[in-house]
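Below, each chain spelled out in residue letters.
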Amino acid sequence: MLDKNKVEQFINAAMKYKGDNYSQPRRMQKGYSDCSSLIYKGLRDAKLLDLSKTDRTISTKYILDGDPRFTEIPKKELQRGDILWGGEYRGSKWDGHVAIYLGDGKTLEARYKEGVCIYVNRAYFKKVYRIKTLMQGTEKKEPIVKATPQPKPVYNYLTIMGKKSKISPQVIDGVSYVQLGSMMVPVRKFFEELGYDVKWTREKGIEIE
């Protein structure tokens, strides 16, 4: 069962992005959002974003693959604050979309041409997911990051805007962290918050564009 106070906190936070232009590359910059970052920023701003199991930004494909912050529910149980989901492969390319359900057939979502707006009676969506931190009896867990010593440094390459450097990140639960002063900072989240596109390949390492 959903906690109505948490639902309203989340929706009020997400509504502040109404009017944003649509952009995937610039989705974490002021004035821009895409469909999944709208959910991420709404939860973050409402202090309801659970980073205890993953610090990945939200995406339609990751939700389908099992993002631990969501749980699928039957369509008949759809309530205000739930997430409407749709997606499919078109050839080899993944195409997906998500929206925040507001009730009475209304959704808050970011669409390619219109940007972040409220829409009514959209029939596109195939599944419904519930955000776990909006459920009664659940609390957002703070991430616990413990730096474990390594006998030998593990190097990787970090390429920012074409400039390549050698770094020695610590990999914790599959996430690469670097030391900035006294803090351990997740590389992907740090640069995505600044609006960059982050890619990783075994051959080239981490690429920031």
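As shown above, the structure is provided for reference.
Source: prediction; values computed, not measured.

Rules of the game
- Residues numbered from 1 in each chain as written.
- Predicted model: local features only at pLDDT ≥ 70, side-chain atom pairs only at ≥ 80, totals over all residues.
- Heavy atoms only, no water.
- Helix = DSSP H or I, 4+ residues; strand = E, 2+ residues; numbered from the N terminus.
- Buried < 20%, exposed > 50% of the residue type's maximum accessible area, 1.4 Å probe, protein only.
- Contact = heavy atoms within 4.5 Å.
- Areas by Shrake-Rupley, 256 points an atom, 1.4 Å probe, with all protein chains shown as cover.
- Pairing = 2+ DSSP bridges.
- Axes fitted to C-alpha atoms, helices over the stretch in contact; angles between N-to-C directions.
- Salt bridge = Lys/Arg side-chain N within 4 Å of Asp/Glu carboxyl O.
- Polar contact = N/O pair within 3.5 Å; in protein donor to acceptor, adjacent residues only side chain to side chain.

**A short note on the overall build of the chain**
Next up, step 1: From N to C terminus, the chain includes four helices and 15 strands.
Next up, step 2: Put simply, the chain has 209 residues, and 43% of those count as buried.
Next up, step 3: Contacts in the chain between residues far apart in sequence, at least 24 positions, make up 53% of those at least 6 positions apart.
Next up, step 4: By element, 51% of the accessible surface of the chain is carried by carbon and sulfur atoms, the whole surface being about 12400 Å².

**A short note on the sheet that holds strand β6 (residues 106-111)**
Next up, step 1: The six strands are arranged β3-β8-β4-β5-β6-β7 in an open sheet whose pairing can be described as antiparallel. Edge positions in the open sheet fall to β3 (70-73) and β7 (115-120), since each of these has one partner strand only. When strand polarity is set aside, the average angle formed by the axes of neighbouring strands in this sheet is 35 degrees.
Next up, step 2: The sheet contact formed by β3 and strand β8 (residues 127-131) spans four bridges and is antiparallel. Each residue of the ladder has a partner; that of Glu-72, found in β8, is Tyr-129.
Next up, step 3: Most of the contacts of helix α1 (residues 4-15) go to strand β5 (residues 93-103), to which it runs at about 115 degrees, and overall it touches β4 (83-90), β5, β6, β7 and β8.

**A word on the pattern of salt bridges**
Next up, step 1: Here the structure, examined in full by the defined rule, presents 11 salt bridges.
Next up, step 2: Of the charged contacts, one joins Arg-80 and Glu-8 as a salt bridge, the two residues approaching to 2.8 Å between their closest N and O atoms. In this pair, Arg-80 is assigned in the loop between β3 and β4 and Glu-8 in helix α1, connecting sequence segments 72 residues apart.
Next up, step 3: You can call Glu-8 partly exposed: its relative accessible area is 29%.

**Side note on the environment of Tyr-101**
Next up, step 1: Turning to its location among the elements, Tyr-101 is positioned in strand β5.
Next up, step 2: Its relative accessible area of 14% is what places Tyr-101 among the buried residues.
Next up, step 3: For Tyr-101 and Val-120, which are 19 residues apart along the polypeptide, the C-alpha to C-alpha distance reads 9.9 Å.
Next up, step 4: Leaving out residues up to four positions away in the same chain, Tyr-101 has contacts with Ile-11, Leu-78, Gln-79, Arg-80, Gly-81, Asp-82, Leu-84, Lys-106 and Thr-107.
Next up, step 5: Engagement of the side chain of Tyr-101 in a polar contact is seen with the backbone nitrogen of Gly-105, the distance being 3.1 Å.

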